[in-house]
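Fold and geometry: a report
Listed below are the residues making up each chain.
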Amino acid sequence: MTAVESFEHSVVEAPPDSYVIHDLPTVDPEHRINGRDRPRADSGAKVTGRAIYGTDVARAGMLHAKVLRSPHAHARIVSIDDSAARELPGVKAVLTQDQATDLQPHGTMVKDQPTVAMDVVRYVGDIVAAVAAVDERTALEALDLIDVRYEILPAVFEVDDALADGAPVIHPEPPFGVIPGYGDGASAVLRPRDNVPYEFRYRTGDLDAWERCDHIYVDTFCFSRMNHMHLEPFVTVAEASDDEIEVWTSTQSPFNLRKELSRVFSLPENRIRVHVPLLGGGFGAKNGPKADPVAIRLSQLCGGRPVRFAMTTEEALLTVSQHAAKLVVKSGVMADGTFVARESLVLLNGGAYAEHSPPVAEKAGYRMPGAYRWEYIDSVCQVVTTNTVPAGAMRGFGGTQATWASERQVDLIAERLGLDPYALRVKNFKALGEEFVPGESGIDSDLEEGLRIVAEAIGYHQRPTTRNPTAPLRRGMGVAVGVKDGGGINKPAMARVKVTSKGDVILNCALTEMGQGGHSAMCQIVAEVLHTPPGRVTYARIDTDNTPFDQGTNASSGVAVMGQAVRSAAETLRRQVLEWAGEQFGFDPARAELDDWTVRGCGGEPHPLFPRIMEIFGNTGFEFSADGFYKARNDHRAPLEAPCVFWEIGWAAAEVEVDLDTGRVEVLQLAVSGDAGKVISKIGCRGQDEGAAVFGLAQALFEEMRYDDGELLNAEALLYRVPLAEDIPERFTSITQEQGHGAGPFGAKGMGEGGMLPVAPAIAQAIADATGAQLTELPMTPERVYQAISAERSAR
């Protein structure tokens, strides 16, 4: 077993091989390509500046769009006078509610968000009008000429206020909505009450379990709102007429976007074409329409002339966010720490429009049991509408909120029972292969093994067990584990692999590249199956007219779901080539091998394919082509339509130093680990775990969208605090496990979100270990930590 090592970001002489893939041999004899450190397929283009992102797209005669946003959290639009803007030289079109009466609202399960505000604005930042002009300067000048008169309406910003009796109803008319099919134990309801567009519930077990509990604890936790802070803004270039739409856009889900645009503009999907260049980050924000509807309608108003709408970073802060949440958790346990029953109520602050809130609610509620065995579970999650920025999909997708509350309460229970938090977790972990809940797939990682690895990485079991009562600086350690179902909700994926006469390979699938290395991983899978150098495999540009269908690049599904479709396509193509070669050269294809576009028969004799292809098909040559498909099977016993494809699990251990006089927290050590099942791209796995861990560190200590009477106070990049290089712990250890139980190609599992889940609760427990103060609200700023320390001292 390989020793666990670490790398120190602030030390220049850190050993070059300081990142360790746990239990991975230096040379994997089974795979010539996968599991190795290799340059990414897009690395050359990116480091030389040749890579094309959405912001780089330019079309002949292109106009530029800018939007006017509401200064009020909730108001009725009394009038809009845009005459002066229309007369400004260089302005080609102005879009207000008058030019949008035929457009349908959009959203996932609840369709309530208009392209521009129709009669009412519902948050500071709601789009009221848009202008297309010859350049951005002219468009901005035109916005200043639009006169909008408002009638201020009562507003609510917190979930408790929105749910209070007599609260203003933000959407008086119930919007169109749908509920997906659920299996055993799961259910949902549309608009169970005002300001709640969606409620998800999961329940299983015997209610009498509560009567057997020795102790019942109820705790409340608060989760802060974060912004995605992707470097590339929301950007769309649209060329559209009344009966045809073509967009170049920064989206994670081109086919879902096509479907939603079909609804918004009442056009058949085959009249809508979506191109996707490289993305400069997404993290969930780039799901669903963002800049697209405005750009499209302005292009239509300009007679089909291309229109580019690129938001600023500040506008992105006013477009979508992660959900703030209030979580009330009730757990029943035995005196020895055995978990018995858990009931939870999760209130997600969904902002002004439903966006992706319903599926996030589904996942947040479903993941509340955490990594543990319970006899009875009753989880309810409600989306609550408020007059704030809409909340949608973000890395972790409800798992971050659920893990924060679930893991924090485990630590609180341990303290109350006088048990070690590590031992309490191990005692109640689900076993490898055990169903997450009845009818669901089994946990596919050894939870105890992963926790042991991160604990050992920081020396958790050797930490001091007593505190110096006079020391102003205190140190402590904590551990945590996060579990989320991965692979998407009942998600299908398709892929196509083509090989030219000379053996050059083209991979065609809709996995979007947004920095995670997905294109490289897919190309490596194809190269492995076809036994060809990765450099001979190229990734075709994504275009919904020609690219096979995919539900979207989300839920860490790239390797485990799309990877299976890609592998299937490559294996089918390999069989086709070997069967054709067997006919041509007279050998048994079942006993032959393909080796860099040369076929070797059972005796090892080489048969180059290119000369024979040209001989048979003539000077034009030929292409072999094969399609692949993957989808988890439907099963009504599974609560969420189909069993989970894989379980994405993150383990974290942290050591902190806390200044009792100021509440300042310094993370001295942070160890994170994920289980890749089987590594496809070694450097890619490392990047996913480390990137997710920094997201978790941000959630723990820094990031928070702060509101005052509906106005976002830190809605600009200089005011919104994200982790800096100097905030990274001096010892930051990242360990990729290969436990080998994944459902993806070669036993792989998805990565990218699991490493984020446990970081905040691990740091919180480390603070408690150091000071005795238990934090229940994020982020754990010095002020909140100091207040918690003061409260703990007063309670002694």
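Going by the structure above, here's the rest.
Quick look at the structure, then.

A word on the overall build of the protein chain. Along the backbone of the protein chain there are 17 helices and 33 strands. Over its C-alpha atoms the protein chain spans a radius of gyration of 27 Å, differing by no more than 12% from the 28 Å that the globule rule assigns to 796 residues. Seen along its three principal axes, the alpha-carbon backbone of the protein chain occupies a region of about 90 × 75 × 55 Å. Across the 796 residues of the protein chain, 62% fall into the buried class.

Moving on, we come to helix α16 (residues 759-771). Taking 1.5 Å of rise per residue, the 13 residues of α16 would be expected to cover 18 Å, and the 18 Å separating its terminal C-alpha atoms lies within 8% of that figure. Most of α16 sits inside the fold, with 13 of its 13 residues counted as buried. At the exit of α16 stands Gly-772, carrying a positive phi of roughly 85°.

Moving on, we come to the environment of Leu-207. Tracing the sequence through the fold places Leu-207 in the loop between β11 (196-204) and β12 (215-223). In this structure, the C-alpha to C-alpha distance between Leu-207 and Ala-764, residues 557 residues apart in sequence, is 32 Å.

Next up on the list: the side chain of Ser-445. The topology assignment puts Ser-445 in the loop between α10 (421-428) and α11 (447-458). A relative accessible area of 0% places Ser-445 in the buried class. A distance of 2.5 Å separates a polar atom in the side chain of Ser-445 from a polar atom in the side chain of Asp-675.

On inspection of all chains with the given rule, the structure shows 58 salt bridges. Here Arg-475 and Glu-657 are joined by a salt bridge, their closest N and O atoms 3.2 Å apart. Highlighted residues: Arg-475 in strand β20 (residues 473-486) and Glu-657 in strand β29 (residues 646-659), separated in sequence by 182 residues. Here Arg-721 and Asp-727 are joined by a salt bridge, their closest N and O atoms 2.9 Å apart. Exposure remark for Arg-721: the relative accessible area of 34% places this residue in the partly exposed category. The exposure class assigned to Asp-727 is buried, which follows from its relative accessible area of 18%. Overlapping salt bridges, with partners in common, bring together Arg-40, Asp-42, Lys-46 and Glu-513 in one network.

Next up on the list: the environment of Glu-666. Among the secondary structure elements, Glu-666 is positioned in strand β30 (residues 665-675). If we ignore the near neighbours within four places in the chain, the residues touching Glu-666 are Glu-655, Val-656 and Glu-657.

A packed helix pair is summarised by two numbers, namely the angle formed by the two axes and the spacing between the axes. Orientation of helix α5 (residues 254-265) relative to helix α6 (residues 292-301), taken along the N-to-C sense of each, is 50°, at an axis distance of 11 Å. Judged by the inter-axis angle, α5 sits oblique to α6. As for how α5 packs across α6, the hand of that crossing is right-handed. Two secondary-structure elements touch here, α5 through Leu-257, Leu-261 and Phe-265 and α6 through Asp-292, Pro-293, Ile-296, Arg-297 and Gln-300. Each residue belonging to the contact of α5 with α6 can be placed in one class, and the counts come to five nonpolar, one polar and two charged.

Let us look at a nonpolar patch on the surface. A surface patch of nonpolar side chains, amounting to about 260 Å² of accessible area, comprises Met-494, Phe-549 and Phe-629. Inspection of the secondary structure puts Phe-549 in the loop between β24 (542-543) and α13 (558-585).

In this section: the side chain of Glu-704. Among the secondary structure elements, Glu-704 is positioned in the loop between α15 (682-701) and β31 (707-708). Accessibility expressed as a relative area gives 17% for Glu-704, which makes it buried. Apart from the residues lying within four places of it in its own chain, the contact partners of Glu-704 are Ser-224, Arg-225, Asn-714, Tyr-720, Leu-778, Pro-779 and Arg-784.

A word on the sheet that holds strand β17 (residues 324-333). Taken in spatial order, the six strands make up an open sheet running β10-β11-β19-β18-β17-β12, and their pairing is mixed. For this open sheet the edge positions go to β10 (186-193) and β12, each flanked by a neighbour on one side alone. Across this sheet, the average inter-strand angle for adjacent strands is 15°, counted without regard to direction. Of the pairings in the sheet, the one linking β11 to strand β19 (residues 376-385) comprises seven bridges and is antiparallel in character. Among the inter-strand pairings, Phe-200 is bridged to a residue of β19, identified as Cys-381. Across the sheet, helix α9 (residues 399-417) is in contact with β12, β17 and β18 (339-351); its angle to β12 comes to roughly 140°.

This part covers the packing of aromatic side chains. With the rule as written, the count across this model stands at 18 aromatic pairs. Between Trp-210 and Tyr-376, the aromatic rings sit 6.3 Å apart at their centres with planes inclined by 70°, giving edge-to-face as the arrangement. Residue Trp-210 is located in the loop between β11 and β12, and its partner Tyr-376 is located in strand β19; the two are separated by 166 residues in the primary sequence. Like Tyr-376, Trp-210 is buried. Seen in terms of ring centroids, Phe-436 and Trp-647 are 4.6 Å apart; in terms of plane orientation they differ by 35°. Their pairing is tilted.

What follows is about the sheet that holds strand β26 (residues 598-600). Judged by pairing direction, the sheet is antiparallel, and its three strands sit side by side in the order β25-β26-β27 without closing on themselves. The open sheet has two edge strands, β25 (593-594) and β27 (606-608), and neither has a second partner. Looking at chain direction, β25 and β26 are connected through two bridges and run antiparallel. Paired with Glu-593 across the two strands is Arg-600, which belongs to β26. Against the sheet, helix α14 (residues 609-617) makes contact with β25, β26 and β27, and its axis sits at roughly 45° relative to β27, the strand it touches most.

What follows concerns the nonpolar core. In this structure, Leu-447, Val-481, Leu-701, Ile-763, Ile-767 and Met-780 are the most contacted members of the largest nonpolar core, which totals 97 residues. In contact with Met-780, other than residues within four places in its own chain, are Trp-404, Ala-700, Leu-701, Ala-760, Ile-763, Ala-764, Ile-767, Leu-775 and Val-785. Membership of the second largest hydrophobic core comes to 88 residues, among which are Ala-240, Leu-511, Ala-527 and Ala-569.

Attention now goes to unusual backbone geometry. Cis geometry marks the peptide bond from Leu-778 to Pro-779, where omega comes out at -10°. With respect to the helices and strands, Pro-779 occurs in the loop between α16 and α17 (782-795).

Next up on the list: α5. Taking 1.5 Å of rise per residue, 12 residues should cover 16 Å, and α5 covers 16 Å from first to last C-alpha, within 8% of that figure. The buried fraction of α5 is high, at nine of 12 residues. When α5 is considered as a whole, its buried residues turn out to be Pro-254, Phe-255, Leu-257, Arg-258, Glu-260, Leu-261, Ser-262, Val-264 and Phe-265. Residues of α5 that are buried sit in contact with β5 (110-111), β14 (245-249), β15 (272-276), α6 and β24. At the C-terminal side of α5, Ser-266 shows a positive phi close to 55°.

Take the pairing of strand β2 (residues 63-69) next. With seven of seven residues buried, β2 is to be regarded as a mostly interior element. Because side chains alternate across β2, one face comprises the buried residues Leu-63, Ala-65, Val-67 and Arg-69, and the other comprises His-64, Lys-66 and Leu-68, equally buried.

Where α13 contacts α14, the two axes come as close as 12 Å, and the packing angle between them is 75°. By the criterion of interaxial angle, the relationship of α13 to α14 is roughly perpendicular. Only Leu-609, Arg-612, Ile-613, Ile-616 and Phe-617 of α14 make contact with α13, whose side of the interface consists of Val-577, Trp-580, Ala-581, Gln-584 and Phe-585. Classifying every residue of the contact of α13 with α14 gives eight nonpolar, one polar and one charged.

Within the element layout of this structure, Glu-415 appears in helix α9. The spacing of Glu-415 and Ala-455 is 40 residues in sequence and 19 Å in space, taken between C-alpha atoms. Excluding residues within four positions of it along the chain, Glu-415 makes contact with Gly-772 and Gln-774.

Here is what the cut-offs are and how they apply
- Residues numbered from 1 in each chain as written.
- Predicted model: local features only at pLDDT ≥ 70, side-chain atom pairs only at ≥ 80, totals over all residues.
- Heavy atoms only, no water.
- Helix = DSSP H or I, 4+ residues; strand = E, 2+ residues; numbered from the N terminus.
- Rg over C-alpha atoms; globule rule 2.2 N^0.38 Å.
- Buried < 20%, exposed > 50% of the residue type's maximum accessible area, 1.4 Å probe, protein only.
- Expected span 1.5 Å × (residues − 1).
- Polar contact = N/O pair within 3.5 Å; in protein donor to acceptor, adjacent residues only side chain to side chain.
- Salt bridge = Lys/Arg side-chain N within 4 Å of Asp/Glu carboxyl O.
- Contact = heavy atoms within 4.5 Å.
- Axes fitted to C-alpha atoms, helices over the stretch in contact; angles between N-to-C directions.
- Parallel < 35°, antiparallel > 145°, perpendicular 65-115°, else oblique.
- Left-handed = near helix turned anticlockwise from the far one by under 90°.
- Nonpolar A, V, L, I, M, F, W, Y, C, P; charged D, E, K, R; others polar.
- Patch = residues over 30% accessible without salt bridge, like charges linked within 9 Å, V, L, I, M, F, W, Y side chains within 5 Å.
- Areas by Shrake-Rupley, 256 points an atom, 1.4 Å probe, with all protein chains shown as cover.
- Pairing = 2+ DSSP bridges.
- Phe/Tyr/Trp six-rings, centres within 6.5 Å; stacked < 30°, edge-to-face > 60°.
- Core = buried A, V, L, I, M, F, W, Y, C linked by side-chain atoms within 4.5 Å.

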